[in-house]
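Here is how the chains run, residue by residue.
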Amino acid sequence: MAFSCEEVSMSYQDITQYNAACFTPGRPYGITSITIHWWGDPSDGPTFDGVIRTFTSGARGTSAHYVVEDGRVACLVAPGDRAWACGDGVGVGSGGNDTSISIECNPRQSDGDCRTVAELVRDLRAVYGDLPLYPHSRWFNTRCPGTYDLSRIDRIARGLPDTGHTSPATATAGTSKVRPGLATQVHYRLHRRGGDWLDEVTDYGPGDEGFAGLPCSAHDLLTVRVDEGNLRYRVHMLGGDWLDWVDRSDINDTVNGCAGVSGQVIDAVQLHYTTPAGRTLAQAWYRSQTAARQGWLPTVCDDGTSYGGDTFAGMFGEPLDRLQIAISDGNPF
């Protein structure tokens, strides 16, 4: 049974003239939850209209059912279809994409933003039942939805007293954020040639937030940093040669804080990680895709000298469009 955007009763501004470019028709696995996302770091200046443009253009190969801010709700994918929002696959019975309704929320989290999200949740529950609320991070290794207070949204949606925002508990000293099997976190991002810096990625995962880069695009700058140890990196430019090694990360310093040349095209990447003294040996494991073919190229370990195999990620002559990195004592991919 298919459902349309218009089936939910709304008192907020109902915006239905936009359609996401990326989605999968139907709900063969049913609808069992609502997933809360946010647009990203507020300091990056994301906007309601900008998020809509991203989803309608298909530029990042992602979408959401709803985009919400104070007093405005845009439905871009009908709840009876599957949005490409959670990064956990489609057509596999996944908890996120296959069975959840995704709501992209204003990261500024004003009282009005929270109340409008809660109103939408209330209205969706009136149609689809008492659906639980889950954060995007339940389905995928991501910081999304940041500090959004899902308990507050749930309280308001149920007509209970609004006691205000409660920040998630801060991790206590000694609590590691590192995923099991990884030695430390690595953070990296690519700059789209002729465009802007894309979102920073931590470690790796499935879906669009699990890699740096933009599918079917060319990139001209790369920056990488690790929480512990030292990592150096360099890139090869299409039609050119390898550039010098870089061991810092600063997108405002394109000479010493990034690898690449603005306006040119990266076609290969090389990394090398140095483990802190006294720690179990770990290395940089990484892989890439190119804009000229489908599928990941072989996984690389550091510069290939300790593990064998390829000595860099990429393919000379083909723009590198996606990159995944992890710091581990064994191949995590």
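Reading guide: rules and limits
- Residues numbered from 1 in each chain as written.
- Predicted model: local features only at pLDDT ≥ 70, side-chain atom pairs only at ≥ 80, totals over all residues.
- Heavy atoms only, no water.
- Pairing = 2+ DSSP bridges.
- Helix = DSSP H or I, 4+ residues; strand = E, 2+ residues; numbered from the N terminus.
- Buried < 20%, exposed > 50% of the residue type's maximum accessible area, 1.4 Å probe, protein only.
- Contact = heavy atoms within 4.5 Å.

### Side note on the sheet that holds strand E11 (residues 212-213)
On the basis of which strands lie adjacent, the open sheet formed by 4 strands has the order E11-E19-E16-E17 and antiparallel pairing. The sheet is open, and its two borders are formed by E11 and strand E17 (300-301), each paired with just one other strand. Of the pairings in the sheet, the one linking strand E16 (residues 283-290) to E17 comprises 2 bridges and is antiparallel in character. Among the inter-strand pairings, Tyr286 is bridged to a residue of E17, identified as Val300.

### Quick notes on the pairing of strand E12 (residues 219-226)
Within E12, 7 of the 8 residues are buried, which leaves it mostly tucked inside the rest of the structure. Across 7 bridges, strand E9 (residues 186-192) lies against E12 in antiparallel orientation. Looking at the pairing, Arg192 lines up with His219 of E12. Bridge count for E12 against strand E14 (residues 259-260) is 2 bridges, and the pairing is antiparallel. Bridging across to E14, Leu221 finds its partner in Gly260.

### Remarks on the environment of Ala59
Relative to the helices and strands, Ala59 resides in the loop between helix H1 (48-57) and strand E4 (66-69). Remark: the alpha-carbon pair of Ala59 and Pro319, spanning 260 residues in sequence, is separated by 17 Å. Residue contacts for Ala59: discarding those within four places in its chain leaves Thr54 and Leu214.

### Structural notes on the sheet that holds E9
Hydrogen bonds between backbone groups are what pair the strands of a sheet, and the pairing can be parallel or antiparallel. Spatial ordering of the open sheet is given by E10-E9-E12-E14, a layout of 4 strands whose pairing is antiparallel. Bordering the open sheet on either side are strand E10 (201-202) and E14, each of which pairs with just one other strand. Pairing between E9 and E10: 2 bridges, direction antiparallel. Of the residues in E10, the one forming a bridge with His187 is Thr202.

The analysis is restricted to geometry; functional conclusions fall outside its scope.
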